[in-house]
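Results of the structural survey
The chain contents come next:
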Amino acid sequence: MARTTPARNPDAAKQASTTKGPATAKGPATAKASGKAKASGKGGAPAPGPRRRTVRLRILAALVAGAAAVGGVVAYRTVGAETGERPVTVDEASRLALSRLNLFQASPVTLALTAAEGGDVTVRVEGVVDYRVRRGVGRYQVTGAGGPLDHGLVVWDAGGLGLAPEPAGVDGPAWEQAERVPRQGWSPRSYTADPLDAGLQLVVQLGADRPDNPLLLAQSGARRLGGERLDGRDYDRFAGPRAQGAAPDGERSPLTYWVDGDGGLRRVTMRMPGLGTPTTVEFSGQDGGAKLPEAPWLTG
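Residues numbered from 1 in each chain as written. Predicted model: local features only at pLDDT ≥ 70, side-chain atom pairs only at ≥ 80, totals over all residues. Heavy atoms only, no water.

1. Quick look at the overall build of the protein
Looking only at helices and strands, the protein features eight helices and twelve strands. Relative to its 300 residues, the protein shows a buried fraction of 53%. For the protein, the accessible surface area stands at approximately 13,500 Å², while carbon and sulfur atoms represent 51% of it. (Helix = DSSP H or I, 4+ residues; strand = E, 2+ residues; numbered from the N terminus. Buried < 20%, exposed > 50% of the residue type's maximum accessible area, 1.4 Å probe, protein only. Areas by Shrake-Rupley, 256 points an atom, 1.4 Å probe, with all protein chains shown as cover.)

Below, the structure written as structure tokens:
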């Protein structure tokens, strides 16, 4: 699965390599300083349908079951309707493995990220990410105990992020506003260990152009934590895999995934050391009309 900021989360940072399938401007005001939208589906290709996802799930489940039989692995067989935390089943490992590919194929997708920075300061980003170009754009707002502290636009990719004030007199979604900001209007910087940066870095890594290896997911400690119903749809909560040597045996991954019966990813949370509230990423569907700007910190 996805990896995140190495300095603060070494376990999550190694998860991608564990489960991979074949083949200086300052940021928004935070604790150190002062600082969902629904999918439109217009103008873009439709997201993969349930029937297509079901076919993929059956194929992956068959492959995992066959590999388990040949190798003598019995820990990942289907279990009954039990409750409580346990290792993933064949079907669950297959759905978790497909979640990154489904997210990639639904791109661009809308999201909302909420990160607690400590000291009663929270940063929320609402925007869109396109995994085909591995870039996101959104509007951020920083809130403290006394109310709003800062707000603006943020654009990010795998290498870093850029921040800019919202252009005056320009309405519309963040990606349209970002198009009106000149290159010199952006403040670029590399990622830090702050919860917001770790969350943005995680977001851009969650989608992939191929599924993870479901057998490796199961062997690497992925676990079903329970079920939850969100907006009339059932989801399984999974603790992600643990990279070998990244955490003591038996310690749960810092990443938790909400995955539906078709392998659709709805929510991801990431526990950060020293913070009681995890960073949360919510996906709310495809926005086919979104157009993401170029990375301004590379060309400005």
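2. Describing the pairing of strand β11 (residues 265-270)
Where burial is concerned, most of β11 is hidden: six out of the six residues are buried. Linking strand β10 (residues 255-259) back to β11 in an antiparallel pair, the connection comprises five residues, with Gly 263 at a positive phi of about 85 degrees. (Pairing = 2+ DSSP bridges.)

3. Observations regarding the environment of Ala 115
Summarising the element assignment, Ala 115 is placed in strand β2 (residues 109-118). Remark: the alpha-carbon pair of Ala 115 and Met 270, spanning 155 residues in sequence, is separated by 9.5 Å. What Ala 115 contacts, discounting residues up to four positions off in sequence, is Val 121, Thr 122, Val 123, Pro 195, Leu 196 and Thr 279. (Contact = heavy atoms within 4.5 Å.)

4. Some points on the pairing of strand β4 (residues 135-144)
Of all ten residues in β4, seven are buried; the element is thus mostly enclosed. Sheet topology places strand β3 (residues 121-130) next to β4; nine bridges connect them, and they run antiparallel. By the bridge assignment, Thr 122 is partnered in β4 with Thr 143. Hairpin connection of β3 to β4: four residues between the antiparallel strands, including Arg 134 at a positive phi of 55 degrees. The pairing of β4 with strand β5 (residues 147-157) spans ten bridges and is classified as antiparallel.

5. Re the pattern of salt bridges
Applying the stated criterion to the full structure yields 22 salt bridges. Of the charged contacts in the structure, one is a salt bridge between Arg 267 and Glu 228, with a shortest N-O distance of 3.7 Å. Of this pair, Arg 267 sits in strand β11 while Glu 228 sits in strand β8 (residues 223-230); the two residues are 39 residues apart in sequence, bridging distant segments of the chain. The exposure class assigned to Glu 228 is partly exposed, which follows from its relative accessible area of 29%. Connected through salt bridges with shared partners, the residues Arg 86, Asp 91, Glu 92, Arg 95, Arg 224 and Asp 236 form a single ionic network. (Salt bridge = Lys/Arg side-chain N within 4 Å of Asp/Glu carboxyl O.)

6. Some details on the nonpolar core
One recurring pattern in soluble globular proteins is that nonpolar side chains are buried together. Core analysis: the biggest nonpolar cluster contains 43 residues, and Leu 113, Tyr 131, Trp 156 and Phe 283 have the highest contact counts within it. The element best represented in this core is helix α6 (residues 195-205), accounting for six residues. Contacts of Phe 283, omitting those with residues within four sequence positions, involve Leu 103, Val 109, Thr 110, Leu 111, Val 129, Tyr 131, Leu 206, Leu 265 and Arg 266. Counting twelve residues, the second-largest nonpolar core is a separate cluster that includes Val 128, Val 155, Trp 175 and Ala 290. (Core = buried A, V, L, I, M, F, W, Y, C linked by side-chain atoms within 4.5 Å.)

7. Here's the deal with the sheet that holds strand β7 (residues 187-189)
Whenever strands of a sheet pair, they do so through backbone hydrogen bonds, lying parallel or antiparallel. Overall, antiparallel pairing links the twelve strands, which are arranged β1-β8-β9-β10-β11-β12-β2-β3-β4-β5-β6-β7 in an open sheet. Each having just a single partner strand, β1 (86-87) and β7 make up the two edges of the open sheet. Note: β10 against β11, five bridges, orientation antiparallel. Bridging across to β11, Trp 258 finds its partner in Arg 267. α6 rests against β2, β3, β4, β5, β6 (161-164), β7, β10, β11 and β12 (279-286) of the sheet, and its axis sits at about 155 degrees to β2. (Axes fitted to C-alpha atoms, helices over the stretch in contact; angles between N-to-C directions.)

8. Examining the packing of aromatic side chains
The geometry of an aromatic ring pair is captured by the separation of the ring centres together with the interplanar angle, meaning the angle of the planes. Within this structure, the stated rule accounts for zero aromatic pairs. A cation over a ring is seen here: Arg 267 above Trp 258, with NZ or CZ 5.0 Å from the ring centre. (Phe/Tyr/Trp six-rings, centres within 6.5 Å; stacked < 30°, edge-to-face > 60°. Lys NZ or Arg CZ within 6 Å of the ring centre and 35° of its normal.)

9. As for the side chain of Asp 197
As for its placement among the helices and strands, Asp 197 is situated in helix α6. For Asp 197, a relative accessible area of 1% gives the class buried. A distance of 2.9 Å separates a polar atom in the side chain of Asp 197 from the backbone nitrogen of Thr 192. (Polar contact = N/O pair within 3.5 Å; in protein donor to acceptor, adjacent residues only side chain to side chain.)

10. Considering the confidence of the model for the protein
The predicted coordinates should not be examined in detail at positions where pLDDT is low. Mean pLDDT over the protein stands at 79; residues scoring 70 or higher make up 68%. Low pLDDT, under 50, characterises residues 10-18; the predicted model gives this stretch 36 contacts beyond four residues in sequence or across chains. pLDDT under 50 marks residues 62-81. Its contacts with residues more than four places away, or in other chains, come to 20 contacts. (pLDDT = per-residue confidence, 0-100.)

11. Regarding unusual backbone geometry
Of note, the bond from Ser 107 into Pro 108 is cis; its omega dihedral lies within 30 degrees of zero at 0 degrees. Tracing the sequence through the fold places Pro 108 in the loop between α4 (90-105) and β2. One non-glycine residue, Arg 134, adopts positive backbone phi at about 55 degrees. For Arg 134, the position within the fold is in the loop between β3 and β4.

12. Quick notes on the environment of His 151
Tracing the chain through its elements places His 151 in strand β5. Sequence spacing of His 151 and Leu 163 is twelve residues, and the spatial spacing of their C-alpha atoms is 9.8 Å. Setting aside chain neighbours within four positions, we find His 151 in contact with Tyr 140, Gln 141 and Glu 166. A polar contact of 2.9 Å, which involves the side chain of His 151, links it to the side chain of Glu 166.

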